[in-house]
Amino acid sequence: MAELKVSKVKRGTVIDHIRAGMAPAVLRILGIDRGFSDVVVVAMNVKSSQLGSKDIVKVENQILDEETLKKISIIAPQATINIVKEFEIVEKRGVSLPKELRGILKCPNRNCITNAAEKVESFFVCKQENPIEFRCHYCEELVEAERAELIL
Ligand code: CTP
Ligand code: ZN
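Rules used in this analysis
Residues numbered from 1 in each chain as written. Chains lettered and ligands numbered in written order. Predicted model: local features only at pLDDT ≥ 70, side-chain atom pairs only at ≥ 80, totals over all residues. Heavy atoms only, no water. Pairing = 2+ DSSP bridges. Helix = DSSP H or I, 4+ residues; strand = E, 2+ residues; numbered from the N terminus. Axes fitted to C-alpha atoms, helices over the stretch in contact; angles between N-to-C directions. Near = heavy atom within 4 Å. Polar contact = N/O pair within 3.5 Å; in protein donor to acceptor, adjacent residues only side chain to side chain. Areas by Shrake-Rupley, 256 points an atom, 1.4 Å probe, with all protein chains shown as cover. Nonpolar A, V, L, I, M, F, W, Y, C, P; charged D, E, K, R; others polar.

(A) Region of the structure containing the sheet that holds strand E3 (residues 52-60). Read across the open sheet, the five strands follow the order E2-E3-E1-E4-E5; overall the sheet is antiparallel. The outermost strands of the open sheet, each flanked by one partner alone, are strand E2 (40-48) and strand E5 (88-94). Within this sheet the neighbouring strands show an average axis-to-axis angle of 20°, counted without direction. Bridging between strand E1 (residues 12-19) and E3 involves six bridges; their strand directions are antiparallel. Opposite Ile 18, over in E3, you have Asp 55 as the bridge partner.

As structure tokens, then:
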């Protein structure tokens, strides 16, 4: 799709430069589902000079906490977080990929101690950044960020 006009928000957060196709995953991280009552604007596959095409998620009245930003950085490392007040952007920043993730990724290895009945909190260490991969501290299983299953 070419140009697309998406309405501006009065107050809230605009998550911009999300890789095309990843907006639904961002919505899941934000807990946006039935019953969510603030205004949400989602644009997918819009033109971007930097990324070719991108997704955007705008959420009114929300300021994201650090834990949420950490999760977003895993699946959308190029995302820009814009904080909007009175229609103006008052803060713009990127997300930074944490070196270590505690309690955020689910280990895909069913025999991993973090999946045992007596649960040990999952602990992953970033192994490389392109493509982003995390390694389970306990069983050494490697997880690609794009396929990562998050504990939400
Ligand atoms: N935005 C919005 N509501 C506002 C202000 C901005 O929804 N009141 C959105 C814009 O639509 C855009 C994003 O916030 O998707 C960033 O806005 P802006 O910084 O003005 O755009 P760019 O300069 O293109 O951003 P960047 O330099 O980060 O690419
Ligand atoms: Zn593991």
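Moving on from the coordinates now.
(B) Spotlight on the site of ligand 1. What surrounds ligand 1 is the set Lys 8, Val 9, Val 14, Asp 16, His 17, Gln 50, Lys 58, Asn 82, Val 84, Phe 87, Ile 89 and Lys 92. Measuring from an oxygen atom of ligand 1, one finds a side-chain N or O atom of His 17 at 3.1 Å. Separating an oxygen atom of ligand 1 from a side-chain N or O atom of Lys 92 is a distance of 2.7 Å. When ligand 1 is considered free in solution it has 590 Å² of accessible area, and contact with the protein chains removes 67% of it. Every element with two or more residues in the shell around ligand 1 is listed here: E1, strand E4 (80-85) and E5. Of the residues forming the shell around ligand 1, the biggest block, three residues, is contributed by E1. Among the residues forming the shell around ligand 1, the class breakdown is five nonpolar, three polar and four charged.

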